[in-house]
Amino acid sequence: GSDIYQAHNQRGWLYVYPPTFAVLMVPLSLLPVFGAVLIWYVLSLFAMVCAVKWCVWLVHERVRAVTLPEIMFPLILVAPFVVNGLLRGQASVLLCALVTGAIYFETRHCSLRGGVCLAAAILLKVFPAVLLPYFIWRRRWRFSMVAIVSVLAFGWLFPVIVLGAHRSDTFMLEWLHNV
C-alpha cells in the first residue's frame, strides 16, 4: 500500500524494477521471509539451469559436438556473477534466462514463447529492449510484435488492472524518473 520506490531492504537498497515486477512479487511478500527467500532461490536455480541448457543446445546445433571443457569454460567465467546474483537474491539470473530463452525460442521459430521471454526480460530490466531493433532488422515480425504487445499488455495493462490507472501511472512515471 505504500510507494514501492521508497521501499528498501536491510542493506538500504531501493527497489529499482518496473511496477509489474512488484505486482508479481506480492505473493512472496505474504510468506515468511525464509519461505520467500527459499522460493526465490529455487526459482533462480531453475532459471540458471534453463539458461545453461538453452545455451548448450544453441551451441550444439552450430558445432554438432560439444565437449565438457567447452561447456565448463563459459560456466566458470560467469560463475562469480551468477553466484553473486544468487547470494544477493537479485533478478540477474532470471534476466539471463529470459534473454537466453528469447534467443533460443526465436531460433526455433517459436515466436510466441520467444517474444514473451524478451518482453518479460524488458519488464524486469529495460536494457534488453536494445535487442528489439535487431529482431526487427532481421524481419522477425511475429516475434517482435509478440514482444511489443506483451510489454504493453503486461507492463501497462496488468498493473492498471491490479493497482488502478492513477496509481499504476504514478509508479511508472516514478520508475522512469528514478531509474
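A few points on the structure. Being a predicted model, the structure only gives us computed values, none of them experimental.

Calculation criteria
Residues numbered from 1 in each chain as written. Predicted model: local features only at pLDDT ≥ 70, side-chain atom pairs only at ≥ 80, totals over all residues. Heavy atoms only, no water. Axes fitted to C-alpha atoms, helices over the stretch in contact; angles between N-to-C directions. Helix = DSSP H or I, 4+ residues; strand = E, 2+ residues; numbered from the N terminus. Left-handed = near helix turned anticlockwise from the far one by under 90°. Contact = heavy atoms within 4.5 Å. Nonpolar A, V, L, I, M, F, W, Y, C, P; charged D, E, K, R; others polar. Core = buried A, V, L, I, M, F, W, Y, C linked by side-chain atoms within 4.5 Å. Buried < 20%, exposed > 50% of the residue type's maximum accessible area, 1.4 Å probe, protein only.

Details of the packing of helix α2 (residues 33-63) against helix α4 (residues 92-107)
Right, so step 1: Where α2 contacts α4, the axes come no closer than 8 Å and their chain directions differ by 35°. The way α2 lies across α4 gives a crossing that is left-handed. When α2 is examined against α4, the residues Trp-40, Ser-44, Ala-47, Met-48, Ala-51, Trp-54, Cys-55, Trp-57, Leu-58 and Arg-62 are found in contact with a partner set consisting of Val-93, Leu-94, Cys-96, Ala-97, Thr-100, Gly-101, Ile-103, Tyr-104, Phe-105 and Thr-107.
Right, so step 2: A class-by-class count of the residues in the contact of α2 with α4 yields 15 nonpolar, 4 polar and 1 charged.

Quick notes on the side chain of Thr-100
Right, so step 1: Summarising the element assignment, Thr-100 is placed in helix α4.
Right, so step 2: Residues within four places of Thr-100 in sequence aside, it is in contact with Ala-51, Trp-54 and Cys-55.

Regarding the nonpolar core
Right, so step 1: In terms of nonpolar packing, the biggest core is built from 17 residues, with Ile-4, Tyr-5, Tyr-15, Tyr-17, Phe-21, Ala-91 and Leu-124 touching the most fellow members.
Right, so step 2: For this core, the elements supplying multiple residues, two or more each, are α1 (19-29), α2, α4, α5 (111-124) and α8 (165-178).
Right, so step 3: Tyr-17 has contacts with Tyr-5, Ala-91, Leu-124, Lys-125 and Trp-175, leaving out every residue within four places of it along the chain.
Right, so step 4: The next biggest cluster of nonpolar side chains, apart from the first, holds 13 residues, and it includes Trp-54, Phe-105, Phe-135 and Ala-147.

Details of unusual backbone geometry
Trans is the prevailing form of peptide bonds, just as negative phi is the prevailing case for residues other than glycine.
Right, so step 1: Here the phi dihedral of His-109 falls at roughly 60°; this positive angle occurs in a residue that is not glycine.
Right, so step 2: Looking at the element boundaries, His-109 is found in the loop between α4 and α5.
Right, so step 3: Phi at Arg-139 is positive, roughly 60°, even though this residue is not glycine.
Right, so step 4: Residue position: Arg-139 is located in the loop between α6 (132-137) and α7 (141-163).
Right, so step 5: Arg-139 sits in the exposed class, given a relative accessible area of 62%.

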